Amino acid sequence: MVLSELKKQVDFLCDTGHGDNLVLVTLSESSIGSRAATGITGIHSGIDWEHGQVRISTEKKIISYGKDRDEVIEPIREDYDIGSRIRHLLLCPKCQNQLSKYDNYCGNCGQRVKK
Ligand SMILES: [Zn+2]
């Protein structure tokens, strides 16, 4: 979803009487009663590697624990031409967090990655 589509949906909710409602992100963890959720602390435009993105920050950490998390996955390799030379980047295939060539695990989501 892009920001303008999110805005349309938010505008619709505000225009139909939900403007003062608390905004929560539903979590994928078990709960009794209403679904487990966390609040939003901010929304920001991305910089550097997150350029062109809008990031929403939450009160609780949201971590992806897939059953294949322990499977060793090849990291994404990207080359960036920074003028005089090429910079090689390793990115987590699950969350796109930047990795070092020494990492066995992603520091952000815990995914095992090949060195
Ligand atoms: Zn990751």
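One structure accompanies this document, and this report is about it.

Cut-off values and rules
Residues numbered from 1 in each chain as written. Predicted model: local features only at pLDDT ≥ 70, side-chain atom pairs only at ≥ 80, totals over all residues. Helix = DSSP H or I, 4+ residues; strand = E, 2+ residues; numbered from the N terminus. Rg over C-alpha atoms; globule rule 2.2 N^0.38 Å. Buried ≥ 20, exposed ≤ 12 C-beta atoms within 10 Å, placed from the backbone. Contact = placed C-beta atoms within 7 Å.

Now for the overall build of the protein chain. Across its full length, the protein chain holds one helix and six strands. The helix and strand sequence of the protein chain, counted from the amino end, reads α-β-β-β-β-β-β. Its C-alpha atoms give the protein chain a radius of gyration of 18 Å, more than 25% over the compact-globule value 13 Å for 115 residues. Across its three principal axes, the protein chain shows a C-alpha extent of roughly 55 × 40 × 20 Å. Taking all 115 residues of the protein chain together, the buried fraction comes to 7%. Considering only contacts in the protein chain between residues 6 or more positions apart, those separated by 24 or more positions represent 22%.

For the rest of this paragraph, the subject is the environment of isoleucine 76. As for its position among the elements, isoleucine 76 is in strand 4 (residues 76–81). Those residues within four positions of isoleucine 76 in sequence are excluded, and the remaining contacts are Leu91 and Pro93.

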